[in-house]
Number of protein chains: 2
Amino acid sequence: MTPYQTLLQHYRTLVDLRAAASVLRWDQQTQMPPGGAAGRARQLATLSRMEHELHTSETTARLLEAARDAADPASDEARAVAVLQEDYDRATRFPAAFVAELTQLVAMSHGIWAKARAESDFSQFAPVLAQLVAKMQQAAEYMGYDEHPYDGLLKRYERGMTTADVTRIFDGHRARLVALVDTLSRQPQVDDSFLHQPFDRDKQRAFALDIVQKFGFDMSRGVQAVSVHPFCTSFGVNDVRITTRFYDDFLNPALFGMMHEAGHAMYEQGSAQELDGTPLAGGTSLGVHESQSRLWENIVGRSAGFWSWALPQLQQTFPQLARVSLEAFVKGINKVQRSFIRVEADEATYNLHIMLRFDLEKDILTGKIRVQDLPKEWNGRFEEYLGITPPDDAQGVLQDVHWSSGLMGYFPTYALGNLLSVQYYNAALAAHPSIPDDIAQGKFDTLLDWLRVNIHQHGRKYTAAELTQRITGGDIDSTPYMDYLERKFKSIYGL
Amino acid sequence: MTPYQTLLQHYRTLVDLRAAASVLRWDQQTQMPPGGAAGRARQLATLSRMEHELHTSETTARLLEAARDAADPASDEARAVAVLQEDYDRATRFPAAFVAELTQLVAMSHGIWAKARAESDFSQFAPVLAQLVAKMQQAAEYMGYDEHPYDGLLKRYERGMTTADVTRIFDGHRARLVALVDTLSRQPQVDDSFLHQPFDRDKQRAFALDIVQKFGFDMSRGVQAVSVHPFCTSFGVNDVRITTRFYDDFLNPALFGMMHEAGHAMYEQGSAQELDGTPLAGGTSLGVHESQSRLWENIVGRSAGFWSWALPQLQQTFPQLARVSLEAFVKGINKVQRSFIRVEADEATYNLHIMLRFDLEKDILTGKIRVQDLPKEWNGRFEEYLGITPPDDAQGVLQDVHWSSGLMGYFPTYALGNLLSVQYYNAALAAHPSIPDDIAQGKFDTLLDWLRVNIHQHGRKYTAAELTQRITGGDIDSTPYMDYLERKFKSIYGL
């Protein structure tokens, strides 16, 4: 065996332990009875400990070095070794005591945050949030950074992206986005009441599953189940799972939620088969992952072309929609509305929610904003970006689970995903101008094949920046996204 | 920490790895897509290897010794250490190379056996079965035995039981069983056609789940799902899972299959909470485990008293049964019939199927029977015990999956379970004579509480023999079982 093969062989055990932990988490979210909670936490802690021990062992370091020394620097092997080296560095940056303290703090924080949110009382969460911020500051130091401490956090979630990059990208489209939302908000109220009526859950599931399978989600290598918070998880290239949350009287979570998760899942299913069982399978970054889910959910799934094909079928499934015109339907599912909750935000307002969080996270990390001032800062900036003020902290600064989970530096990836989705879709369109017509005929493989070849098959081989460079010849850029939004919403709103 | 506490601490990781593997197998049987098979096999192999390495490590040996030296020989601790020592000895008996060869042989054998059975052609299976038998002979030597090589296999599945014991027990009731089956076979044919008609699956599931929850299967600490082969598995005292196979036009698998698995599950859920997370939770032997499933399936679930309470509810669920009388129903679900397939055998004929397998396994292990002569030997003995001759090998020597799975010495535990179920039930009855009346009123906690206190809570602390001694003051004995069968079937058949 070559040093590279020996390295991959060593990683098999790690990949298997990670997959086993993912199966346990999947079961936990989709099927586990309440009594199983304590045992499951213990089992996951054991698997995570064993994975961490093996990953950060001297054997890993030695095999990485041997593989790096043996590989032609211009080869795919060298690129793969570099990815694994980055993983290793990231895993070894935090001292064991710090990981233990953070884990314990997060375990305690979740309940406190949930109660504070339920009672809309930031003061309950503030003390533990201050501790979490201190830990994040430490984490940034451990991770290291050149310019801004936030770089140290960001690099955990988006390889190769800096705070300066994100600032530039966000600054590059904030004003245009605020203006668009402002224009749309002054239009007559959109009627989407037809989406809020009783819909049989089994029929919702059957319809949405049929759509995502037509998109290309392969059920011989995938599963769909129900959970409170929708997610996608993968145990390998050939076993990728998604969950959905169904409502008795609201259609969107089934339709667009399933399309979103299927977008993630098709990316995972699309890694080249030879990457299966290696740490190189899967998505290259959270931003690129989100680009795939947003592409299928929004660019395809919320397009007029798609519904010109799909609406008659939906109407057959749900006769109560029979009298909704295509135009009214497309307008309803694309309703733009200034609202307080990020996870319910539409395509036009979404990135503004993220920008707000990015601003606050940066400043809280450097101490420019104090924890106790967060509600005031949140509400002020919300008014500035979205023109409305949250009525309470539950609908403001307390809404997200992320901080209580020890996740800072994560939010930007959502917005980057939106930008990338349009850049990648435009590249696919340039290669295959028939794609919109194909979609309007229920034919999705032109698009999926392009994504497979240009993005999915590579797994983690290229960073987001390298991938974007290969595809667009340039960097991540907000202009295509803004052009797309303006064109789409001006058409829908008849402006 | 005391040496015993240190030992249990060490075992936590083992227990967690075993539980994780069980979750992966549960998912494999209940939900995994076809594409997941190869990855899952790899993940399970990794977990099993890590578990085995840790279990058979010098650390385990050292901690066992320290705990043994420190424990008062008369204490529960000493008993627990002895159980763990036995586990350790069993795990270390097979050399790694042997385990690898056996695993590989079994992986190959399953497909060959399945094809041979499908084509009812023993000659296809014979060569690989000969290899399996050679491996079982080696296994017996590795395990060690005093009198008969079969002891070496038996002790893997039923601690403390010898071939001489089983022979004595089987010899002790074979003639009486053959005579009973002979008598019953000469009675007029029983009509059970009402069990074979269309039944809605969802209603089957809801009815059976309601019954087993009334028995005491705790769904806040358990799950029921669907699989091709019903089974029970446990990830700890507070997360115990069962599966069921439903048929569109046959009620028994839902009803009695679910009662059977729930019997296993209640045993697992009944371990004392302080045993959770230790290797001492769960069932003490396969025979005792089977006694619990058979007790709920047969002694309770196929009794006239139980159905005097449950039949009206079943008839409400399935109006097509409205005109079936209690007497006809009880007779139908207790139909005794000489048949070829063990897993479909009734209470009266079941142990005869086992005796046949025990005879053959013993003789094939010593070389007294040659592999190529198995079909002839099987059919001859079948005629002798059951009075009928299998028409082909698929319905004869090829029917069971066990040998192709490397399981020899396992079958006797099924028959021992039948015997023990009656011995334990009789003891419960002696303590609480109201149990039959309680059952006839849908009240099952008198019985369950007795089982919890006398059997379940102890987990693996007592061997089957010790438990039986504590409960009955004697050994495992076939007389109570035969008395029960004769009384029950003479009553049902009006003899």
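What counts, and where the lines are drawn
- Residues numbered from 1 in each chain as written.
- Chains lettered and ligands numbered in written order.
- Predicted model: local features only at pLDDT ≥ 70, side-chain atom pairs only at ≥ 80, totals over all residues.
- Heavy atoms only, no water.
- Helix = DSSP H or I, 4+ residues; strand = E, 2+ residues; numbered from the N terminus.
- Rg over C-alpha atoms; globule rule 2.2 N^0.38 Å.
- Buried < 20%, exposed > 50% of the residue type's maximum accessible area, 1.4 Å probe, protein only.
- Contact = heavy atoms within 4.5 Å.
- Areas by Shrake-Rupley, 256 points an atom, 1.4 Å probe, with all protein chains shown as cover.
- Lys, Arg positive; Asp, Glu negative; His and termini not counted.
- Charge placed at Lys NZ, Arg CZ, Asp CG, Glu CD.
- Pairing = 2+ DSSP bridges.
- Axes fitted to C-alpha atoms, helices over the stretch in contact; angles between N-to-C directions.
- Phe/Tyr/Trp six-rings, centres within 6.5 Å; stacked < 30°, edge-to-face > 60°.
- Parallel < 35°, antiparallel > 145°, perpendicular 65-115°, else oblique.
- Left-handed = near helix turned anticlockwise from the far one by under 90°.
- Nonpolar A, V, L, I, M, F, W, Y, C, P; charged D, E, K, R; others polar.
- Buried area = accessible area lost by both parts, 1.4 Å probe.
- Salt bridge = Lys/Arg side-chain N within 4 Å of Asp/Glu carboxyl O.
- Polar contact = N/O pair within 3.5 Å; in protein donor to acceptor, adjacent residues only side chain to side chain.
- Domains from an automatic or database assignment.

## Describing the overall build of chain A
Consideration 1: Regarding its fold elements, chain A presents 20 helices and three strands.
Consideration 2: Taken over the C-alpha trace, chain A has a radius of gyration of 23 Å; the compact-globule value for 495 residues is 23 Å, and the two agree within 12%.
Consideration 3: Considered along the principal axes of its C-alpha atoms, chain A spans approximately 65 × 50 × 50 Å.
Consideration 4: A buried classification covers 59% of the 495 residues belonging to chain A.
Consideration 5: When contacts within chain A are restricted to residue pairs at least 6 apart in sequence, long-range pairs at least 24 apart make up 72% of them.
Consideration 6: Approximately 19,600 Å² of chain A is accessible, and the part contributed by carbon and sulfur atoms is 51%.
Consideration 7: The positive charge centre, built from 49 side chains, and the negative charge centre, built from 62, are 2 Å apart in chain A.

## Comments concerning the sheet that holds strand E1 (residues 222-226) of chain A
Residue and element names in this part refer to chain A.
Consideration 1: Strand order across the open sheet formed by three strands is E1-E3-E2, with mixed pairing between neighbours. With partners counted over all chains shown, the strands left at the sheet margins are E1 and strand E2 (232-234), one partner each. Each neighbouring strand pair of the sheet contributes to a mean axis angle of 20 degrees, computed without reference to strand direction.
Consideration 2: The pairing of E2 with strand E3 (residues 240-244) spans three bridges and is classified as antiparallel. Each bridged residue has a counterpart across the sheet, and for cysteine 232 the counterpart in E3 is isoleucine 242.

## Focus: the packing of aromatic side chains
Consideration 1: What the rule picks out here adds up to 50 aromatic pairs over all chains.
Consideration 2: Centroid distance phenylalanine 215 of chain A to phenylalanine 444 of chain A: 4.9 Å. Interplanar angle 75 degrees. Geometry classified as edge-to-face. Placement of phenylalanine 215 of chain A in helix H9 (residues 201-215) and of phenylalanine 444 of chain A in the loop between helix H17 (435-439) and helix H18 (445-454) is noted, with a sequence separation of 229 residues between them. Of the two residues, phenylalanine 215 of chain A and phenylalanine 444 of chain A, both sit in the buried class.
Consideration 3: Between phenylalanine 306 of chain B and phenylalanine 444 of chain B, the aromatic rings sit 5.9 Å apart at their centres with planes inclined by 50 degrees, giving tilted as the arrangement. Remark: phenylalanine 444 of chain B occurs in the loop between helix H17 (435-439) and helix H18 (445-454) and phenylalanine 306 of chain B occurs in helix H12 (residues 304-317); sequence separation between them is 138 residues.
Consideration 4: Taking the relative accessible area as the measure of exposure, phenylalanine 306 of chain B reaches 0% and is therefore buried.

## Thoughts on the packing of helix H5 (residues 96-118) of chain A against helix H6 (residues 122-143) of chain A
What describes two packed helices is the angle between their axes and the distance between those same axes.
Residues and elements named next belong to chain A.
Consideration 1: Direction vectors running N to C along H5 and H6 enclose 150 degrees, while the axes themselves pass 10 Å from each other. When the interaxial angle is binned, H5 and H6 end up roughly antiparallel. Handedness of the H5/H6 crossing: left-handed. Touching Phe98, Glu101, Leu102, Leu105, Val106, Met108, Ser109, Ile112, Trp113, Lys115 and Ala116 of H5 are Gln124, Phe125, Val128, Gln131, Leu132, Lys135, Met136, Gln138, Ala139 and Tyr142, all from H6.
Consideration 2: For the contact of H5 with H6, the class distribution of residues is 14 nonpolar, four polar and three charged.

## Focus: the interface of chain A and chain B
Consideration 1: Across the contact, 35 residues belong to chain A and 35 residues belong to chain B.
Consideration 2: Buried surface at the junction of chain A and chain B, summed over both partners, amounts to about 2,700 Å²; 54% is from carbon and sulfur atoms.
Consideration 3: Among the residues chain A hides against chain B, the three largest losses belong to Asp16, Gln31 and Arg42 of chain A. Together they make up 21% of the total.
Consideration 4: Counting across the chain A and chain B interface gives six salt bridges.

## Things to note about the environment of arginine 174 of chain B
All names here are of chain B.
Consideration 1: Tracing the chain through its elements places arginine 174 in helix H8 (residues 163-185).
Consideration 2: The exposure class of arginine 174 is buried, given its relative accessible area of 17%.
Consideration 3: With residues near it in sequence (within four places) discarded, arginine 174 still touches Leu352, Met355, Asp359 and Tyr385.
Consideration 4: In this structure the side chain of arginine 174 is engaged in a polar contact, spanning 3.3 Å, whose partner is the side chain of tyrosine 385.

## Observations concerning the sheet that holds strand E1 (residues 222-226) of chain B
Residue and element names in this part refer to chain B.
Consideration 1: Read across the open sheet, the three strands follow the order E1-E3-E2; overall the sheet is mixed. The open sheet terminates on both sides in strands that have one partner only, identified here as E1 and strand E2 (232-234). For this sheet the average axis-to-axis angle between neighbouring strands, irrespective of direction, equals 20 degrees.
Consideration 2: Contacts between helix H10 (residues 252-269) and the sheet are confined to E1, E2 and strand E3 (240-244), with E3 contributing the most and set at about 165 degrees to the helix.

## Digging into the domain arrangement of chain A
All names here are of chain A.
Consideration 1: On domain assignment, one finds that chain A holds domain 1 (1-93) and domain 2 (138-495).
Consideration 2: Domain 1 and domain 2 are separated by 28 Å when their C-alpha centres are compared.
Consideration 3: Each side of the interface is counted separately: domain 1 has 21 residues, and domain 2 has 26 residues.
Consideration 4: Between domain 1 and domain 2 the total buried area reaches about 2,100 Å² when both faces are included, carbon and sulfur atoms providing 63% of it.

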